[in-house]
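Topology and contacts: notes
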Amino acid sequence: MEPFDLVVQNGTLVTAGETVRADIGIRGEQIAALGQGLRGRETLDAGGLLVLPGGVDPHVHLEMPAGAVRSSDDFVTGSIAAACGGTTTLLDFVEPEPGETLAQALQARRAQAEGRAVVDFGLHMTLTDTRPPALAEVEPLVAAGVSSFKVYTTYDGFRLDDAGLYAALEAVGQAGGLVMVHAENDVIVGQARRALLAAGRTGPQAHPLSRPAAAEGEAVERMLALAETAQAPVYIVHTSTRRGAEAIARARGRGQVAYGETCPQYLVLTEAEYARPGFEGAKFVCSPPLRSEADRVALWRALANGQLQSVGTDHCPFFYRGAKELGRELFTLIPGGIPGIEARLALLYTWGVRAGWISPGRWVELCSTAPARLFGLYPRKGSLLPGADADLVLFDPQRRVTLRQEMLHENVDYTPYEGLELHGYPVATLRRGQLLAREGEYVGPQGGGRFLACGRPQAA
Ligand SMILES: [Zn+2]
């Protein structure tokens, strides 16, 4: 047989289904074969390393406008950070401006990423207008490769009422797409916030109290009931509480097509971070907020037993100096969002696999395979099957790393995970057969990431 262009030798292949010792033969941009003793014009030694399909991060916000500022990673820096951390596919969002059609907004957002992102990317469409002209665009968008639609139950300018949520669910469900929802009850959040401000609670310590677990619990339950009636599949983003996870599990138990995502910050950190002295707690302000230790443990249990299906980062970084500081006098003015695009795989390995919550196969499923399936990219992404894109991560399970902001490639002046001890870290990342990152440094070309047309959701 003619030698392969590249052979990744002697690795332990970890997929959602199995763990095997094998070489991977790559031709061009695809995996061509798995086997023993494969010959290649070039080789990469993976002895002692795990070899996984590239990470698929289903939830990131690069260069996203947020009031007076925008998230500080753009498609260049954010995708380089992703690659260095073992993520080769990003799913970001299109947020249409008033007066723009959804198709126009999609073209503009694609143009922002194309030629700049170094990893492949797909896009979700945010729906803030559910009148007929907008909803008539849903079906052609699904055909054009945007099969997931995000709705919000809170935030002025984004929030839909129940009628709007129902209309979105019906239209997207009929078109064969997937509705993603940010679920927090807006009235509960508003009342809690007013009470805190009236009591003079203006610091970041008040942030978690302003978005109680009841807000998430109610909105997840309501969204599931609406989706059940509209017969639409639904994906709850950034599930942060036991209440939210249990509601999703109950709906799935009834046979509903419902999925739940959580994020590394809810699996590794807790609301104790907000009690840091001075304004330091602002570094952890995201919505929903970090939760209790009991919630954190419940989320791990839900990932382990299949009640939650996906882990995305909700990466939305803002500099502490100059951006987070806008809320120094008033916590409600702190830009909401935290960085995390780079450390997802490593955090989930140490805190999930090493801690005994999940197997290596489940780790790969949560970080790669399940998101690829849910957003219609499997098996091209999220698998090591012949014919799949040769997106590979070489992961050293023995590497010990103390996480520091200086070692990360995210364009932001802190990491919420500063000082955490990791046991296992990615050492090389390939995107479609090309080496992008090695030993914590970006070694790939500029750009090269491609827009991915997402298909219909597959069960996960
Ligand atoms: Zn988000």
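Cut-offs applied
- All chains use their own residue numbering, which begins from 1 and follows the written sequence.
- Given that this is a predicted model, residues contribute local features only at a pLDDT of at least 70 and side-chain atom pairs are listed and counted only at 80 or more, while totals for whole chains, interfaces and linings are drawn from all residues.
- Secondary structure elements are defined from DSSP: runs of H or I of at least 4 residues count as helices, runs of E of at least 2 residues count as strands, and each element is numbered from the N terminus.
- As defined in this context, the radius of gyration uses C-alpha atoms, and a globule is described by 2.2 Å times the residue total to the power 0.38.
- Counting other C-beta atoms within 10 Å of its own, a residue is labelled buried from 20 upward, exposed at 12 or fewer, and partly exposed in the gap between, with every C-beta atom placed from the backbone.
- Contacts here follow a simple rule: the backbone-placed C-beta atoms of the two residues must lie within 7 Å.
- Within a predicted model, pLDDT stands for the predictor's per-residue confidence, ranging from 0 to 100.
- To get an axis, a line is fitted to the C-alpha atoms, and for a helix only the part in contact is used. The angle between two axes follows their N-to-C directions and goes from 0 to 180 degrees.
- For classification, angles of less than 35 degrees are called roughly parallel, those exceeding 145 degrees roughly antiparallel, those between 65 and 115 degrees roughly perpendicular, and all remaining angles oblique.
- Left-handed describes a crossing whose near helix is turned anticlockwise from the far helix by less than a right angle; the clockwise case is right-handed.
- Any residue that is not Ala, Val, Leu, Ile, Met, Phe, Trp, Tyr, Cys, Pro, Asp, Glu, Lys or Arg is counted as polar, Gly included; the first ten are nonpolar and the last four charged.
- Residue ranges for the domains originate in an automatic or database domain assignment.
- Here, a nonpolar core denotes buried Ala, Val, Leu, Ile, Met, Phe, Trp, Tyr and Cys residues that are linked to one another through C-beta atoms within 7 Å.
- One requirement defines pairing of two strands: DSSP has to find at least two bridges between them.
- Consider the strands pointing away from the viewer: the crossover is right-handed when the path from the first strand over the helix to the second runs clockwise.
- Take the number of residues in a helix, subtract one, and multiply by 1.5 Å to get its expected span.
- Here the bend at a residue is taken as the angle between two axes, fitted respectively to the seven residues that end there and the seven that start there.

1. Overview of the overall build of the chain
From N to C terminus, the chain includes 13 helices and 19 strands. At 21 Å, the chain has a C-alpha radius of gyration in line with the 23 Å of a compact globule built from 460 residues. Considered along the principal axes of its C-alpha atoms, the chain spans approximately 70 × 50 × 40 Å. Every one of the 460 residues in the chain was classed for burial, and the buried ones make up 56%. Long-range pairs, those at least 24 residues apart, make up 76% of the contacts in the chain with a sequence separation of at least 6.

2. Examining the confidence of the model for the chain
Mean pLDDT over the chain works out to 97, with 100% of the residues at or above the 70 mark. The secondary-structure element of the chain with the lowest mean pLDDT is strand E7 (residues 65–66), recorded at 86, while strand E6 (residues 55–57) shows the highest, at 99.

3. Some words on the packing of helix H8 (residues 213–230) against helix H9 (residues 242–253)
At a minimum axis distance of 8 Å, the contact between H8 and H9 shows a crossing angle of 20°. On the basis of the axis angle, H8 is roughly parallel to H9. Relative to H9, the crossing made by H8 is right-handed. Counting all contacts with H8, which are made through Ala-213, Glu-216, Gly-217, Val-220, Glu-221, Leu-224 and Glu-228, the residues of H9 involved are Arg-243, Gly-244, Ala-247, Ile-248 and Ala-251. Its residues placed into classes, the contact of H8 with H9 shows six nonpolar, two polar and four charged.

4. Focus on the domain arrangement of the chain
Here the chain is partitioned into domain 1 (4–52 + 383–442) and domain 2 (54–374). Computed from C-alpha atoms alone, the centre-to-centre distance between domain 1 and domain 2 is 26 Å. On the side of domain 2, 42 residues touch domain 1, which itself brings 34 residues to the contact. Where the side of domain 1 that touches domain 2 is concerned, the elements lending two or more residues are strand E5 (50–53), strand E16 (392–402), strand E17 (421–431) and strand E18 (434–438). Broken down by element, the residue count for the side of domain 1 that touches domain 2 peaks at seven residues, all from E17. Tallied by class, the residues present in the side of domain 1 that touches domain 2 amount to 19 nonpolar, eleven polar and four charged.

5. Observations concerning the nonpolar core
With 139 residues, the main nonpolar core has Val-51, Ala-168, Val-179, Met-223 and Val-234 as its most contacted residues. Counting contributing residues per domain, this core is built from domain 1 (4–52 + 383–442) and domain 2 (54–374), each supplying no fewer than three. With residues up to four places along the chain from it excluded, the contact list for Val-234 reads Val-179, Val-181, Met-223, Leu-224, Ala-227 and Ala-258.

6. A few points about the sheet that holds E6
Strand order in the open sheet made by the eight strands is E6-E9-E10-E11-E12-E13-E14-E15, with parallel pairing throughout. Of all the strands in the sheet, just E6 and strand E15 (310–311) have a single pairing partner and so form its edges. Pairing between strand E12 (residues 178–182) and strand E13 (residues 234–236): three bridges, direction parallel. Looking across to E13, one finds that Met-180 is bridged to Tyr-235. Across the sheet, helix H2 (residues 102–113) touches strand E9 (87–94) and strand E10 (120–126), and the angle it forms with E10 is around 150°.

7. Focus: the pairing of E12
Most of E12 is tucked away, with five of its five residues classed as buried. On E12, burial covers both faces: Leu-178, Met-180 and His-182 on one face and Val-179 and Val-181 on the other are all buried. Bridge analysis of strand E11 (residues 148–152) against E12 gives five bridges, and the strand direction is parallel. Note that in E12 the partner of Ser-148 across the bridge is Leu-178. Following the chain from E11 across helix H5 (residues 162–174) to the adjacent parallel E12, one finds a crossover that is right-handed.

8. Some remarks on helix H13 (residues 360–374)
In an α-helix there are 3.6 residues to a turn, and that puts residues three or four apart on one side. In this model H13 runs 20 Å from its N-terminal to its C-terminal C-alpha over 15 residues, within 8% of the 21 Å that 1.5 Å per residue would give. Considering bend angle alone, the principal kink of H13 is centred on Leu-366 and spans about 50°. Where burial is concerned, most of H13 is hidden: 13 out of the 15 residues are buried. At the C-terminal side of H13, Gly-376 shows a positive phi close to 70°.

9. Brief notes about the environment of Leu-420
Tracing the backbone shows Leu-420 in the loop between E16 and E17. Leu-420 sits in the partly exposed class, given 18 other C-beta atoms within 10 Å. For the pair Leu-420 and Asp-295, spaced 125 residues apart in the sequence, the C-alpha separation amounts to 20 Å.

10. Thoughts on the pairing of E10
Across the seven residues that make up E10, a large majority, six, are buried. As paired strands, E9 and E10 are joined by six bridges and run parallel to one another. Directly across from Asp-92, in E10, lies its bridge partner Leu-123. This β-α-β element, E9 to H2 to E10, shows right-handed connectivity. For E10 and E11, the ladder comprises two bridges, and the chain directions are parallel. Across the sheet, residue Met-125 finds its bridge partner in E11, namely Phe-149.

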